[in-house]
2 protein chains.
Amino acid sequence: MLGSVETLGELGEDAAIERIARAARRVGVRAPRVRLGIGDDAALLRLAPSEELAVSTDARIEGVHFRWRSESPRHVGRLALVANLSDLAAMGARPLGFLLALAAPPQLALGRFDGLLAGLLHEARTHACPLVGGNLCRARETSLTLTVLGAVPRGRALTRRGARPGDRICVTGRLGAMALEVARAERGRGRVEQVPEPRLAAGRALARLRGIGGAIDVSDGLELDLVRLLGPAGLAAEIDGSKLPLPRGFAARCRRAGLDPLELALGGGEDYELAFSVRPRGPSPRALAARLGLPVTEIGRVVARGRGRGRPARGWRHLGRG
Amino acid sequence: MLGSVETLGELGEDAAIERIARAARRVGVRAPRVRLGIGDDAALLRLAPSEELAVSTDARIEGVHFRWRSESPRHVGRLALVANLSDLAAMGARPLGFLLALAAPPQLALGRFDGLLAGLLHEARTHACPLVGGNLCRARETSLTLTVLGAVPRGRALTRRGARPGDRICVTGRLGAMALEVARAERGRGRVEQVPEPRLAAGRALARLRGIGGAIDVSDGLELDLVRLLGPAGLAAEIDGSKLPLPRGFAARCRRAGLDPLELALGGGEDYELAFSVRPRGPSPRALAARLGLPVTEIGRVVARGRGRGRPARGWRHLGRG
């Protein structure tokens, strides 16, 4: 009797896949591009002739990206899909669907399995990104490796290429909230409960604008992600720390927790805001905010690597490998 | 100095990704459909307007799918991509590219990392399936989660659906060789060194033929995979064990190892042959072999579930959940 089954191992692989398929049907995610979903050797999807496929993969691993004691399974599932959707956002892509490779120990409680699934499917419905397939297998630690598929108008994707010296650097939204919550949870103060919003609509709007250079999503912290955006082209960023968009009341909350707000905003990951470069004569932050439907803040500029070295006065800091 | 770096952890994430990108450039896999590969938030690929996208994901986990003591890292890498390409073969798809999510402990020796990569890229070149992106992260055990992308002519994919009672069941190639090698390696006799061939060309040829029902690749053993092919439609298989295509000298080698050849051929996985159903008036095994460029053997037929129950005489056995 299913009633007495309490772990993934007792359920078995094929029954677990059927459980996933049933949950996905129940949630009823819109899937206009999916010709064949869960249950075959591969999923089949359609693109319009005017589109390109954007595809990205990302893993969330127990003990590295999440801990059961500080996060609910549902939250782990939600964040896993959000992290992946954010990569599509950074390309200006519209989600088509995702695949889930779930590895877990046989003793994983079915309650956790169902929670992970519920979190994934919640975000799947919110962002019209159906689960189209996946893989399930045994492992010592739980991990979710997701692959997201999206569509962009041909030749119009945002990429990390294209920033030039003199471009202004802008970010959407506010930085640091996730980093503060994670830092507090790591000290045993509260759980991680926030779920950032993948900036899908903003990314698509950005891809349609003129005067935009390169773009990236802030997943590993602004500092590191700007190095990734600019470094390969021999560029670096000069950031005015006083301009970083912090959440309301953030500095006070950081001080109470004994943390440095600037460090969290620059170094903390998982905000999933978009960072991008704008030509000197490109749209203003105000015009960008109107088109993207989000706050947009200009925080610095792109420089040739080696220029602006050191740590200038008044909060300016130089990012990049020199 | 890179010369003194001996583990993945010492190398670091960004340098490891750069090492992957360099190795991929060196191998020089053809990538006509890739507009943007490794190094951005997502890869960009093009499909022809007449095509659909086929996509599948599969994980290979240390201690579950491979053991360092019985397999070379290069072999682990080769098998990982072959397993995934086999899913494309079973859809009749042509490979477009693949993504690699690699999770590994920081102490993973660079020699193993390079070996995995060399094995993946060897198969990538052989099957014109370029590495287009991925993810790298820390974990307690090493795992490779691959996602393969392929293209099929619209509406012409082979699927698991479509088998009917009365269809003949055919398989390509020969079954059991991998299972024997794995069984021997598990007893400490020799290493696993074979690499099965993903039946990509045969799958595409099969997708063009009339009179074919459902198709699946034999990854978890013929018995289980036929249940997956037929079970969801309320069907089962009657297989004539005496007709199973065994490798030359297989029975004798099994006997020497104290193993049952029929059990290995029916239950052993990873042969990556194609199993498919053919209408009663569809092509003969001889005609199929000519079109597929491979041996094709008729091994039984599709029946309604519940018929032919039990274990009939002369090697016939009933597969399916009854």
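The rules behind these values
- Throughout this document, residue positions are counted from 1 along each chain, in the order its sequence is written.
- Both sets of labels track the order of writing: A upward for chains, 1 upward for ligands.
- Local features in this predicted model are restricted to residues of pLDDT 70 or higher, and side-chain atom pairs are both shown and tallied only at a pLDDT of 80 or more, whereas totals for entire chains, interfaces and linings draw on every residue.
- Secondary structure elements are defined from DSSP: runs of H or I of at least 4 residues count as helices, runs of E of at least 2 residues count as strands, and each element is numbered from the N terminus.
- Throughout, radius of gyration means the C-alpha value; the globule benchmark is 2.2 Å times the number of residues raised to the power 0.38.
- Each residue is classified by how many other C-beta atoms fall within 10 Å of its C-beta atom, where C-beta atoms are placed from the backbone; a count of 20 or more means buried, 12 or fewer means exposed, and values in between mean partly exposed.
- Contact between two residues is assigned when their C-beta atoms, built from the backbone, lie within 7 Å.
- Between any two strands, pairing holds if DSSP finds at least two bridges.
- Axis definition: a line fitted to C-alpha atoms, over the contacting stretch in the case of helices. Angles run 0 to 180 degrees between N-to-C directions.
- For every residue, the predictor reports its confidence as pLDDT, a number between 0 and 100.
- Throughout the structure description, domain borders are defined by an automatic or database domain assignment.
- Here the term charged refers only to Asp, Glu, Lys and Arg, the term nonpolar to Ala, Val, Leu, Ile, Met, Phe, Trp, Tyr, Cys and Pro, and the term polar to all other amino acids, Gly among them.
- With the far helix as reference, a near helix turned anticlockwise by less than a right angle produces a left-handed crossing, and one turned clockwise produces a right-handed crossing.
- Any nonpolar core is a set of buried residues, restricted to Ala, Val, Leu, Ile, Met, Phe, Trp, Tyr and Cys, that join up through C-beta atoms within 7 Å.
- Here the copies are matched by least squares. The fit uses the C-alpha atoms of residues with pLDDT of at least 70 in both.
- Here is how to tell: hold the view so the strands point away, follow the path from the first strand over the helix to the second, and if it runs clockwise the crossover is right-handed.

A few words now on the overall build of chain A. When you go through chain A residue by residue, the secondary structure sums to 10 helices and 12 strands. Expected size for 322 residues packed as a compact globule is a radius of gyration near 20 Å; at 21 Å, chain A falls within 12% of this value. Principal-axis analysis of the C-alpha atoms gives chain A an extent of 70 × 50 × 30 Å. Here chain A, with 322 residues, has 51% of them falling under the buried criterion. Sequence-distant contacts in chain A: of pairs separated by 6 or more residues, those separated by 24 or more amount to 85%.

Spatial ordering of the open sheet is given by 5(A)-4(A)-6(A)-3(A)-2(B)-1(B), a layout of six strands whose pairing is mixed. Bordering the open sheet on either side are strand 5 (131–138) of chain A together with strand 1 (34–36) of chain B, each of which pairs with just one other strand. Here the strands of the sheet are splayed against their neighbours by 20° on average, with no regard to which way each runs. As paired strands, strand 1 of chain B and strand 2 (residues 43–45) of chain B are joined by two bridges and run antiparallel to one another. Considered in strand 2 of chain B, the bridge of B:L36 is made with B:L44.

Another aspect to go through is the confidence of the model for chain A. Close inspection of predicted coordinates is inappropriate in any region flagged by low pLDDT. Residue and element names in this part refer to chain A. Per-chain confidence: chain A averages 91 in pLDDT, with 94% of residues scoring 70 or above. Counting interchain partners and residues more than four positions distant, the pLDDT-below-50 stretch residues 308–322 has 35 contacts. Here the predicted complex scores 0.92 on pTM and 0.91 on ipTM.

Another point: the sheet that holds strand 6 (residues 143–153) of chain B. Strand order in the open sheet formed by six strands is 1(A)-2(A)-3(B)-6(B)-4(B)-5(B), with mixed pairing between adjacent strands. Two strands in the sheet have a free side with no partner beyond their single neighbour: strand 1 (34–36) of chain A together with strand 5 (131–138) of chain B. Ignoring strand direction, the axes of neighbouring strands in this sheet form an average angle of 20°. Judged from the nine bridges that link them, strand 4 (residues 94–104) of chain B and strand 6 of chain B form a sheet pairing that is antiparallel.

Residues and elements named next belong to chain A. Split into domains, chain A comes out as domain 1 (2–153) and domain 2 (168–319). Between domain 1 and domain 2, the C-alpha centre-to-centre distance is 28 Å. Contacts between the two partners involve 19 residues from domain 1 and, on the opposite side, 20 residues from domain 2. A breakdown of the residues in the side of domain 1 that touches domain 2 according to their chemical character gives 10 nonpolar, five polar and four charged.

Quick look at the interface of chain A and chain B now. Across the boundary between the two partners, chain A contributes 48 residues, which contact 48 residues of chain B. Considering every element that reaches the side of chain A that touches chain B, the biggest residue donor is strand 3 (residues 51–61) of chain A, with nine residues. A breakdown of the residues in the side of chain A that touches chain B according to their chemical character gives 26 nonpolar, 10 polar and 12 charged. Sheet topology note: the strand 2 (residues 43–45) of chain A/strand 3 (residues 51–61) of chain B ladder contains three bridges and is antiparallel. Along strand 3 of chain B, the bridge assignment pairs A:A43 with B:V55.

Attention now moves to the pairing of strand 10 (residues 274–278) of chain A. Residue and element names in this part refer to chain A. With five of five residues buried, strand 10 is to be regarded as a mostly interior element. Side chains L274, F276 and V278 project from strand 10 onto one buried face, and the interleaved A275 and S277 project onto a second face that is buried too. Pairing between strand 7 (residues 168–172) and strand 10: four bridges, direction antiparallel. Within strand 10, the residue paired with C170 across the bridge is F276. Both strand 8 (residues 212–217) and strand 10 contribute to a ladder of four bridges, which runs antiparallel. Bridge assignment links D217 to a residue of strand 10, and that residue is L274.

Our focus in this paragraph is helix 5 (residues 177–186) of chain A. Turn by turn, an α-helix covers 3.6 residues, leaving residues three or four places apart pointing in a common direction. Where helix 5 of chain A is concerned, the buried positions are A:A177, A:M178, A:A179, A:L180 and A:E181. Turning to helix 5 of chain A, the residues buried within the fold contact helix 8 (250–256) and helix 9 (261–267) of chain A.

Residues and elements named next belong to chain B. Interhelical geometry of helix 2 (residues 13–27) versus helix 4 (residues 110–126) gives an angle of 35° and a closest axis separation of 10 Å. Relative to helix 4, helix 2 is oriented so that their crossing is right-handed. Counting all contacts with helix 2, which are made through I20, A23, A24 and V27, the residues of helix 4 involved are L117, L121, A124 and R125.

Moving on, we get to the nonpolar core. Ranked by size, the top nonpolar core spans 199 residues in total, and within it A:A54 and B:A54 carry the most contacts. Setting aside residues no more than four positions away along its own chain, B:A54 makes contact with A:A42, A:L44, B:L88, B:M91, B:A93, B:G150, B:A151, B:V152 and B:A157.

Below, the discussion takes up the relation of the copies chain A and chain B. Laying chain A over chain B is done by rotating through 180° and shifting 0.0 Å along the axis; what remains is an RMSD of 0.0 Å. What the rotation and shift describe, once combined, is the action of a two-fold rotation axis. The C-alpha atom lying nearest the rotation axis in chain A is that of A:P49; the distance is 2.4 Å. An overlap of 100% is found between the interface residues of chain A and their copies at the interface of chain B, pointing to a shared contact surface.

At A:Y272, a position not held by glycine, the phi torsion is positive, near 60°. One can find A:Y272 in the loop between helix 9 and strand 10. Of note in the backbone geometry, B:A128 takes a positive phi value of approximately 50° without being a glycine. For B:A128, the location among the structural elements is in the loop between helix 4 and strand 5. According to the C-beta neighbour criterion, B:A128 is partly exposed, with 16 such atoms within 10 Å.

A few words now on the environment of A:V152. Residue and element names in this part refer to chain A. The residue V152 is located in strand 6 (residues 143–153) in this model. With 25 C-beta atoms counted inside 10 Å, the residue V152 sits in the buried group. For the pair V152 and M91, spaced 61 residues apart in sequence, the C-alpha separation works out to 7.8 Å. Every residue in contact with V152, bar those within four places of it in the chain, is listed here: E51, E52, A54, M91, G92, A93, A157 and A207.

This brings us to the pairing of strand 4 of chain B. Residues in a regular strand point their side chains to alternate faces of the sheet. Within strand 4 of chain B, 11 of the 11 residues are buried, leaving the element largely enclosed by the surrounding structure. With helix 4 of chain B bridging strand 4 of chain B and the parallel strand 5 of chain B, this β-α-β connection has right-handed handedness.

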